[in-house]
Every structure is written in C-alpha cells, then in structure tokens.
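Structural overview for review
Chain residues, written in single-letter form:
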Amino acid sequence: MGTYGETTRGETLPATSFKAAQPADDKRTNTCDLCVAPSVAVVVIGEEPSALSLEFCGHHLALHTAKLTDRGHKVLFHK
C-alpha cells in the first residue's frame, strides 16, 4: 500500500455531492432506535446545532418518558 499521493498518482479527485439520507417529501415511517417497531415520537436531546434526535415506539417511549422529560428533553409526537 502506498500513500494517498501514490494511489491517485497525484491527480485531483473529482468533486462529489452527497444526497440527503431521507428526502423531506419521503413519507416512510421511521422505526424505533431501540427496536424495529414504527416510531410514534422523536425525543430531541440537547440544543441546536448539535442536538440529537432519537425515534421511539410507543412501548419504549412509555418506559423512558419520565426520565427524558425530567431532564428537560423535548418529546415531539408524529402526526
């Protein structure tokens, strides 16, 4: 194995563009981050711009809602 310059022979790499993981108009339902059940809510942990969002099914949301809301995290239910 060579270095980066050796493997590309000093050529410039083509520009790349990345697509969003899930387009805004995509109507698929998300799944719970703890299991494979459909998500009923998103819990937002932290503040923008580094906020973390976790998807929860009804079962796991019921188990963890008290802890999450006591710590001030936002629970946003899907429509």
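Anyway, here's the lowdown on the structure attached to this text.

Reading the values: rules and limits
Residues numbered from 1 in each chain as written. Predicted model: local features only at pLDDT ≥ 70, side-chain atom pairs only at ≥ 80, totals over all residues. Heavy atoms only, no water. Pairing = 2+ DSSP bridges. Helix = DSSP H or I, 4+ residues; strand = E, 2+ residues; numbered from the N terminus. Axes fitted to C-alpha atoms, helices over the stretch in contact; angles between N-to-C directions. Contact = heavy atoms within 4.5 Å. Disulfide = S-S within 2.5 Å. Buried < 20%, exposed > 50% of the residue type's maximum accessible area, 1.4 Å probe, protein only. Core = buried A, V, L, I, M, F, W, Y, C linked by side-chain atoms within 4.5 Å.

1. Brief notes about the sheet that holds strand 1 (residues 41-45)
Pairing is antiparallel across the open sheet formed by three strands, whose spatial order is 2-1-3. The two strands at the open ends of the sheet, each matched to only one other strand, are strand 2 (52-56) and strand 3 (74-77). Taking the axes of each pair of neighbouring strands and ignoring which way they run, one obtains an average angle of 25° across the sheet. The pairing of strand 1 with strand 3 spans four bridges and is antiparallel. In the sheet register, Val43 faces strand 3, and the bridge partner there is Val75. Helix-sheet contacts for helix 2 (residues 58-70) involve strand 1, strand 2 and strand 3, and the interaxial angle to strand 2 is about 140°.

2. A word on the state of the cysteines
As enumerated under the stated definition, the model contains zero disulfides in all. Of all cysteine sulfurs, the one in Cys57 lies closest to Cys32, which takes part in no disulfide; the gap is 3.9 Å. According to the relative accessible area criterion, Cys32 is buried, its value standing at 4%. With no disulfide of its own, Cys35 lies closest to Cys57 among cysteine sulfurs, the gap being 3.8 Å. The exposure class assigned to Cys35 is partly exposed, which follows from its relative accessible area of 29%.

3. A word on the nonpolar core
Core analysis: the biggest nonpolar cluster contains five residues, these being Ala41, Val43, Phe56, Leu61 and Leu68. Secondary structure elements with two or more residues in this core: strand 1 and helix 2. Aside from chain neighbours lying at most four places away, what touches Phe56 is Cys32, Leu34, Ser39, Val40, Ala41, Val43, Leu61, His64 and Leu68.

4. Focus: the pairing of strand 1
Counting buried positions over the five residues of strand 1 gives four, a clear majority of the element. One ladder, built from five bridges, connects strand 1 with strand 2; its direction is antiparallel. Bridging from a neighbouring strand, Val42 pairs with Glu55 of strand 2. With antiparallel pairing between neighbouring strands as the criterion, strand 1 and strand 2 make up a hairpin whose turn holds six residues, including Gly46 at a positive phi of roughly 95°.

5. What about the environment of Ala51?
Here Ala51 lies in the loop between strand 1 and strand 2. By relative accessible area, which is 28% here, Ala51 ends up partly exposed. Ala51 has contacts with Val44, Ile45 and Gly46, leaving out every residue within four places of it along the chain.

Any functional reading would require information beyond the geometric quantities listed.
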